[in-house]
Amino acid sequence: QVHLVESGGGLVQPGGSLRLSCAASGSIFSNALMCWYRQAPGKQRELVARVTTGGTTNYADSVKGRFTISRDNVKNTVYLQMNSLKPEDTAVYYCHAIYYGINYWGQGTQVTVSS
């Protein structure tokens with residue numbers, strides 16, 4: 001059984017920073033593609049960033065230069081460092097793992113950017 005548990009969400013002012021963490025249980029982490037998605041109210045879930053097993057990263061255009069995804073294969077944790085946050089970054093952020101074609105999702109963590 002694989003569990004993904006996100007943490008680090010909260011309320012932050014525009015221009016502020018947050019770091020999300022996603023801890024993975026089970027033995028899949030080091031061989032899984034790890035991603036962060038987000039879903040804002042009334043919108044579809046969208047890919048924010050992903051990091052391959054080899055450390056290659058990709059980002060949505062809307063977060064390039066502001067967000068950084070990283071992974072620690074010893075701690076079985078993936079991170080999303082979010083800087084220069086904007087109100088439009090407000091959403092529930094989900095951790096996602098793809099392991100040999102099987103998808104795993106975390107429960108989500110709320111990020112609210114507001115003054």
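What counts and what doesn't
- Residues numbered from 1 in each chain as written.
- Predicted model: local features only at pLDDT ≥ 70, side-chain atom pairs only at ≥ 80, totals over all residues.
- Heavy atoms only, no water.
- Helix = DSSP H or I, 4+ residues; strand = E, 2+ residues; numbered from the N terminus.
- Buried < 20%, exposed > 50% of the residue type's maximum accessible area, 1.4 Å probe, protein only.
- Contact = heavy atoms within 4.5 Å.
- Areas by Shrake-Rupley, 256 points an atom, 1.4 Å probe, with all protein chains shown as cover.
- Lys, Arg positive; Asp, Glu negative; His and termini not counted.
- Charge placed at Lys NZ, Arg CZ, Asp CG, Glu CD.
- Salt bridge = Lys/Arg side-chain N within 4 Å of Asp/Glu carboxyl O.
- Pairing = 2+ DSSP bridges.
- Axes fitted to C-alpha atoms, helices over the stretch in contact; angles between N-to-C directions.
- Core = buried A, V, L, I, M, F, W, Y, C linked by side-chain atoms within 4.5 Å.

All right, on to the overall build of the protein chain then. Across its full length, the protein chain holds zero helices and eleven strands. Counting from the amino terminus, the protein chain carries its helices and strands in the arrangement β-β-β-β-β-β-β-β-β-β-β. Seen through its principal axes, the protein chain has C-alpha atoms that stretch 40 × 25 × 25 Å. Looking at the protein chain residue by residue over its 115 residues, the buried ones come to 41%. In the protein chain, 53% of the contacts between residues at least 6 apart in sequence involve partners at least 24 apart. If you sum the accessible surface of the protein chain, you get close to 6000 Å²; carbon and sulfur atoms cover 47% of it. Distance between charge centres in the protein chain, computed from 10 positive and 6 negative side chains, equals 3 Å.

When their charged atoms lie close together, side chains carrying opposite charge are able to pair. Summed over the entire model, instances satisfying the criterion amount to four salt bridges. The residue Asp 89 makes a salt bridge to Arg 38 at a minimum N-O spacing of 2.9 Å. Of this pair, Asp 89 sits in the loop between strand S8 (77-82) and strand S9 (91-99) while Arg 38 sits in strand S4 (residues 33-39), placing them 51 residues apart in sequence. The pair Asp 89 / Arg 38 is uniform in exposure class, with both members buried. For the salt bridge of Lys 64 with Asp 61, the shortest nitrogen-to-oxygen distance reads 3.1 Å.

In a beta sheet, neighbouring strands pair by backbone hydrogen bonds and run either parallel or antiparallel. Here four strands make up an open sheet; going across it, the order is S1-S3-S8-S7 and the pairing antiparallel. Each edge of the open sheet is held by one strand with a lone partner, namely strand S1 (4-7) and strand S7 (67-72). On average, each strand axis in the sheet is inclined to that of its neighbour by 15°, with strand direction left out of account. Here strand S3 (residues 18-24) pairs with S8 via six bridges, running antiparallel. Residue pairing across strands places Ser 21 opposite Tyr 79, the latter belonging to S8.

Residues of S1 alternate between two faces, with Leu 4 and Glu 6 buried on one and Val 5 and Ser 7 left unburied on the opposite face. As paired elements, S1 and S3 share four bridges and run antiparallel to each other. Directly across from Leu 4, in S3, lies its bridge partner Ala 24.

The next thing to look at is unusual backbone geometry. One non-glycine residue, Asn 76, adopts positive backbone phi at about 55°. Within the fold, Asn 76 resides in the loop between S7 and S8. Its relative accessible area of 22% is what places Asn 76 among the partly exposed residues. In this structure, Ser 84 is a non-glycine residue whose phi angle is positive, near 50°. Take Ser 84: it is sitting in the loop between S8 and S9.

Before going further, it helps to examine the nonpolar core. In this structure, Leu 4, Met 34, Trp 36, Val 78, Leu 80, Met 82 and Tyr 93 are the most contacted members of the largest nonpolar core, which totals 31 residues. Those elements giving two or more residues to this core turn out to be S3, S4, strand S5 (46-51), S7, S8, S9 and strand S11 (109-113). Non-local contacts of Met 34, meaning those with residues more than four positions away in its chain, are made with Leu 4, Phe 29, Ala 49, Arg 50, Val 51, Ile 69, Arg 71, Val 78, Cys 95, His 96 and Ala 97.

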